[in-house]
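Residue strings, one per chain:
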Amino acid sequence: MNRSARYALRIASLALALGLWQLLTSRDVDLWLRFSQFPTVTDVARTFADRLTGPDYWTDLTDSLTRILTGFVLAAVLGVATGVLVARSRLAEDLLGPVLEVIRPIPAIALVPVAILLFPSNEQGIVFITCTAAFFPVLVSTRHAVRALTPVWEEAVRTMGGGRWRVLGSVVLPGALPGVFGGLSVGIGVSWICVISAEMISGQYGVGYRTWQDYTVVDYPGVFVGMVTIGVLGWLTSTAVELLGRRLTRWLPRTAQGTAARPKTSRSGAAPPPAGTSAIRKDTRARPEEARDEHLVRD
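Now for a look at the structure at hand. None of these values were measured; they are calculated from a predicted model.

Scoring rules and cut-offs
- Residues numbered from 1 in each chain as written.
- Predicted model: local features only at pLDDT ≥ 70, side-chain atom pairs only at ≥ 80, totals over all residues.
- Heavy atoms only, no water.
- Core = buried A, V, L, I, M, F, W, Y, C linked by side-chain atoms within 4.5 Å.
- Buried < 20%, exposed > 50% of the residue type's maximum accessible area, 1.4 Å probe, protein only.
- Helix = DSSP H or I, 4+ residues; strand = E, 2+ residues; numbered from the N terminus.
- Phe/Tyr/Trp six-rings, centres within 6.5 Å; stacked < 30°, edge-to-face > 60°.
- Axes fitted to C-alpha atoms, helices over the stretch in contact; angles between N-to-C directions.
- Parallel < 35°, antiparallel > 145°, perpendicular 65-115°, else oblique.
- Left-handed = near helix turned anticlockwise from the far one by under 90°.
- Contact = heavy atoms within 4.5 Å.
- Nonpolar A, V, L, I, M, F, W, Y, C, P; charged D, E, K, R; others polar.
- Salt bridge = Lys/Arg side-chain N within 4 Å of Asp/Glu carboxyl O.

**Here's the deal with the nonpolar core**
- Within the largest apolar cluster, 44 residues are counted, with the highest numbers of intra-cluster contacts made by I129, L184 and W192.
- Put simply, the parts of the chain that give this core at least two residues each are α3 (55-88), α5 (112-118), α6 (122-147), α8 (164-202) and α10 (220-248).
- A per-element tally of this core places α8 first, with 13 residues.

**Some points on the packing of aromatic side chains**
- Taken as a whole and assessed by the stated rule, the structure comprises 8 aromatic pairs.
- Centre to centre, the rings of Y57 and W58 are 5.4 Å apart; their planes meet at 85 degrees, and the pair counts as edge-to-face.
- Under the relative-accessibility criterion, Y57 is labelled buried at 13%.
- Ring plane angle 80 degrees and centroid distance 5.0 Å describe the contact between F135 and F136, whose orientation is recorded as edge-to-face.
- A connected cluster of aromatic rings, assembled from ring pairs, spans W21, F35, F38 and F224.

**Remarks on the packing of helix α4 (residues 90-103) against α6**
- Put simply, α4 and α6 touch, their axes get as near as 12 Å, and they point 135 degrees apart. As judged from the angle between their axes, α4 and α6 are oblique. Regarding α4 and α6, the two cross each other, and that crossing is left-handed. Together, E93, L100, E101 and I103 of α4 and F135, F136, L139, R143 and R147 of α6 make up the contact between the two elements.
- The class makeup of the residues in the contact of α4 with α6 is 5 nonpolar, no polar and 4 charged.

**A few points about the pattern of salt bridges**
- On inspection of all chains with the given rule, the structure shows 10 salt bridges.
- Residue R51 is joined to D214 by a salt bridge in which the shortest nitrogen-to-oxygen separation is 3.0 Å. Here D214 lies in helix α9 (residues 207-216) and R51 lies in helix α2 (residues 41-52), a separation of 163 residues in the sequence.
- Linking E101 and R143 is a salt bridge whose minimum nitrogen-to-oxygen distance equals 3.3 Å. Residue E101 is found in helix α4, and its partner R143 is found in helix α6; the two are separated by 42 residues along the sequence.
- Of the residues examined, R143 reaches a relative accessible area of 14% and is grouped as buried.
- Here the salt bridges share partners, and the residues they tie into one network are R51, D214 and D219.

So this is what it looks like as structure tokens:
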């Protein structure tokens with residue numbers, strides 16, 4: 001399937017989902033799920049168009065993006081550095097490992113009271129929660145990626161006179177890069193979940209804050225506008241991280257989907273012999289005396 005056909009299929013699936021939503025809500029279908037309580041697609045689109053013309057929507061969008069990018073960049077830097085340190089140093093693993101493993105299972109949104117107590121402003125607290133949410137996926141993926149590296153590469157660099165920093169820049173970081181971007185892709189999604197929740201609880205502006213305000217005044221089309229905005233922003237940022245990862249790891253071998261290598265067959269339908277077999281046969285036919293002498297020696 002070529003690229004245009006795949007894009008057409010994706011658009012068709014999205015259009016089908018929107019059409020099903022419109023059908024169920026416009027007909028007030030109430031079976032086990034109560035779709036009569038949902039706004040229709042046209043209601044959400046009308047509210048979304050009204051929000052685009054106002055200044056509050058763009059202010060909320062800018063605030064949420066600023067918070068998510070600030071927290072995510074901090075989490076990426078700290079997560080990669082800590083993951084490499086823990087994976088490469090037993091002392092760091094013994095000192096930091098227990099503390100990190102105790103904090104890691106705690107949901108980032110549960111740290112809202114801690115952020116309120118620690119930081120003088122809600123803005124810094126929301127960035128802290130966002131950073132914490134993305135930090136642990138990046139840390140864990142980086143740690144596993146560094147530990148999975150082949151020791152032969154490091155030994156080769158040290159054999160040629162490379163030191164610790166040379167090994168780090170030539171072997172560790174490039175080799176762990178695919179795993180690092182796997183953690184970054186997960187981290188950006190978790191960051192959106194937590195930043196929206198933090199804005200709902202302690203924010204003053206932002207997409208999450210506006211979505212919660214719409215819910216409190218029973219403006220359900222506005223709630224769905226916020227949900228759609230969050231989904232689109234999350235998809236765009238995740239796609240940007242994935243594209244950046246592909247560009248930085250262009251040296252990796254890529255496998256084409258559905259194009260497995262198949263052995264070429266001859267006209268008679270039989271597969272060709274393995275590489276080197278024909279040469280061996282030709283060599284044996286060309287020198288029968290040597291083959292016979294070798295047989296006598298073995299006997």
